[in-house]
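# Structural overview for review
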Amino acid sequence: MRCEAAINGHAHGVGIEPPGTAEGKNIVTRPRILVVGAGFAGVECVRRLERRLSPEEATVTLVTPFAYQLYLPLLPQVASGVLTPQSIAVSLRRSSKYRTRIIPGGAIGVDLKAKVCVIRTITDEIVDEPYDYIVLAPGSVTRTFDIPGLLDNAFGMKSLAEAAYVRDHVISQLDLADASHDPAERASRLQFVVVGGGYAGTETAACLQRLTSCAVRRYPRIDPGLIKWHLIDIAPRLMPELGEKLGLSAQEILRRRGVEVSLGVSIAKAGPEEVTFTDGRVVPTRTLIWTAGVVASPLIATLGAETVRGRLAVNAEMTLPGHDGVFALGDAAAVPDLAEGEEGAVCPPTAQHAMRQGKKVADNVIATLRAQPLKPYVHKDLGLVVDLGGRDAVSKPLGVELRGLPAQAVARGYHWSALRTNVAKTRVMTNWLLNAVAGDDFVRTGFQARRAAKLKNFEYTDAYLTPEQVRAHVDGTGRAG
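Residues numbered from 1 in each chain as written. Predicted model: local features only at pLDDT ≥ 70, side-chain atom pairs only at ≥ 80, totals over all residues. Heavy atoms only, no water.

Under an unreviewed UniProt entry, the protein has the name NAD(P)/FAD-dependent oxidoreductase and belongs to Streptomyces cadmiisoli. For the protein, the Sequence similarities (unreviewed entry) comment in UniProt is given as "Belongs to the NADH dehydrogenase family." (UniProt positions renumbered as here; feature names shortened; annotations may be inferred.)

## Some points on the overall build of the protein
On a plain count of helices and strands, the protein comes out with 12 helices and 25 strands. Summarising its shape, the C-alpha atoms of the protein cover approximately 70 × 50 × 40 Å along the three principal directions. Counting the 481 residues in the protein, one finds 51% classified as buried. Here the contacts in the protein between residues at least 6 apart in sequence split such that 69% fall between residues at least 24 apart. Carbon and sulfur atoms make up 53% of the accessible area of the protein, which amounts to about 21600 Å² in all. (Helix = DSSP H or I, 4+ residues; strand = E, 2+ residues; numbered from the N terminus. Buried < 20%, exposed > 50% of the residue type's maximum accessible area, 1.4 Å probe, protein only. Contact = heavy atoms within 4.5 Å. Areas by Shrake-Rupley, 256 points an atom, 1.4 Å probe, with all protein chains shown as cover.)

## With respect to the domain arrangement of the protein
Here the protein is described as being made up of domain 1 (32-142 + 295-370) and domain 2 (150-292 + 383-438). For domain 1 versus domain 2, the distance between C-alpha centres works out to 29 Å. Taken together, the contact pairs 35 residues of domain 1 with 29 residues of domain 2. With both sides pooled, the region where domain 1 packs onto domain 2 buries about 2800 Å², and carbon together with sulfur makes up 61% of that total. Where domain 1 touches domain 2, the interface holds zero salt bridges. Where domain 1 touches domain 2, the interface holds 10 residue pairs in polar contact (both at pLDDT 80 or more). (Domains from an automatic or database assignment. Buried area = accessible area lost by both parts, 1.4 Å probe. Salt bridge = Lys/Arg side-chain N within 4 Å of Asp/Glu carboxyl O. Polar contact = N/O pair within 3.5 Å; in protein donor to acceptor, adjacent residues only side chain to side chain.)

## Considering the sheet that holds strand β14 (residues 267-270)
Read from one edge of the open sheet, three strands run β14-β15-β16, paired in antiparallel fashion. The strands lining the two open edges of the sheet, one partner per strand, are β14 and β16 (282-284). On average, adjacent strands in this sheet sit at an angle of 20 degrees to one another, irrespective of strand direction. In terms of strand pairing, strand β15 (residues 274-277) meets β16 through three bridges, oriented antiparallel. (Pairing = 2+ DSSP bridges. Axes fitted to C-alpha atoms, helices over the stretch in contact; angles between N-to-C directions.)

## A closer look at the nonpolar core
Among the nonpolar cores identified, the biggest contains 112 residues, and Leu49, Ile88, Val110, Ile134 and Leu136 are the most heavily contacted of them. When residues of this core are assigned to their parent elements, the largest contribution, eight residues, is made by helix α5 (residues 160-179). The two domains that each donate at least three residues to this core are domain 1 (32-142 + 295-370) and domain 2 (150-292 + 383-438). Each residue touching Ile134, except ones within four places of it in the same chain, is listed here: Leu34, Val36, Val110, Cys117, Gly325, Val326 and Phe327. The next biggest cluster of nonpolar side chains, apart from the first, holds 16 residues, and it includes Ile147, Ile267, Phe277 and Leu455. (Core = buried A, V, L, I, M, F, W, Y, C linked by side-chain atoms within 4.5 Å.)

## Considerations on the packing of aromatic side chains
In this description, an aromatic ring pair is defined by two values, namely the gap between the centres and the angle between the planes. Enumeration according to the criterion identifies five aromatic pairs in this entry. Geometrically, the ring pair formed by Phe155 and Tyr165 is tilted, given 5.8 Å between the ring centres and 35 degrees between the ring planes. In this pair, Phe155 is assigned in strand β10 (residues 154-155) and Tyr165 in helix α5, connecting sequence segments 10 residues apart. Residue classification places Tyr165 among the buried positions, given a relative accessible area of 13%. Over the aromatic face of Trp416 sits the side chain of Lys425, whose NZ or CZ is 5.1 Å from the ring centroid. Its end group placed over the ring of Phe155, Lys454 keeps NZ or CZ at 5.0 Å from the ring centre. (Phe/Tyr/Trp six-rings, centres within 6.5 Å; stacked < 30°, edge-to-face > 60°. Lys NZ or Arg CZ within 6 Å of the ring centre and 35° of its normal.)

## Examining the sheet that holds strand β21 (residues 326-328)
Backbone-to-backbone hydrogen bonds join strands into a sheet, with any given pair of strands oriented parallel or antiparallel. One open sheet holds the seven strands; their spatial order is β7-β6-β5-β2-β1-β8-β21, and the pairing between them is mixed. The two strands at the open ends of the sheet, each matched to only one other strand, are β7 (126-130) and β21. Within this sheet the neighbouring strands show an average axis-to-axis angle of 35 degrees, counted without direction. Bridge count for strand β1 (residues 32-36) against strand β2 (residues 59-64) is five bridges, and the pairing is parallel. When the sheet's bridge partners are listed, Val36 is paired in β2 with Val63. Relative to the sheet, helix α2 (residues 40-52) contacts β1, β2 and β8 (133-136), its axis offset from that of β1 by approximately 155 degrees.

## Structural notes on unusual backbone geometry
Residues apart from glycine generally show negative phi values, whereas peptide bonds are mostly found in trans. With a phi angle near 55 degrees, Lys115 is a residue other than glycine that sits in the positive phi range. Structurally, Lys115 is set in the loop between β5 (101-111) and β6 (116-121). Positive phi is not limited to glycine here, since Arg309 has a value of about 50 degrees. As for its placement among the helices and strands, Arg309 is situated in the loop between β19 (307-308) and β20 (311-313).

Written as structure tokens, this is what we have:
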């Protein structure tokens, strides 16, 4: 781990005035609010702070490797080609009215005692960023297990690059199968395995199955009956949060399309050309997509604070007990779910909660600055939507069970309204209409075609420091105390 370039808490090229200027002196005297992560929670928090704080009250800094907010629920539609990647990447630099300073990089450690966040910039430089108030919204990473070959052979579905790569890969399997004269190779290229029966896995399997069923019509040498999709999950039911009836409806839709759903089953071993299930079946495949849940960002482990199943243990006001000025929310925090009414219940890691928590945390940060009382986070879940592609969907808005076109209208309406900018809404709506009218061209870009793009190549979970390394690094820069 390189730690030689601590640059007085500031990354190069981010537009901060030298402290010798009059304006620079004013910046130093203002409270410094540092927001880590540009997901739903982080972006909603930053935008609220910008709207409700005057520039003289505080400076706001955002740490993120990408200057856009990714609308994660629509990733399966990017993988299937219904939406373009740009349409769900909402730029953070588009409007000139925003005053938040963006540090292009990722937080790899936090020293709560010294009030310093250690950041690895996109130029691979290690810098320290001091703060007075920190909002931790680093999100989550893909949950994996110690399964032989998993990290080396499985694809993820957690980032824009992964979704775009998976689309290229799936189409390329059709091309390679069409060109192959070996029946065994052709069979392995035309079988696809998705692990994870939650929303991400179910929507991914549904959308990509629809992509291959439409694309194979353009491949006269390929027997459509050879294309097989497998969706497996260790749980006894598909998407249990939807309830038994809707879960069974989604399962029936998938089976009607030819997707083999196996429950109570997981992966025992993953190889480059075959996957072994825990029930003993060996499936020849070159495509294993892993969507079996998420865990909090490894950044949380660098704090050395109490956690609940890996998520930072916070109170209902989303502050970290025993540490002034530390807020945490979203996938990385175990925020008590007061609306649920059950002892020990925490909010699920969904976009719906993250967006609302972001606004509430911003309000509580402002309340802290102004010596006002903080308010707890309370939000009743509005329901669930699952888009299975085409006219198929199941939804449960406000407890009302819907199927088919009504469910599809609710699902897409919810996603469309949740997009933060009118530009993003226009792009997504245009993509939906164009795809409905003209279909797909089944074009693969070939981007990253000669580079590895498996789970281990996107998560960068080995980039984080241990609590001891964070403390030693901060002490070494002369910032401790």
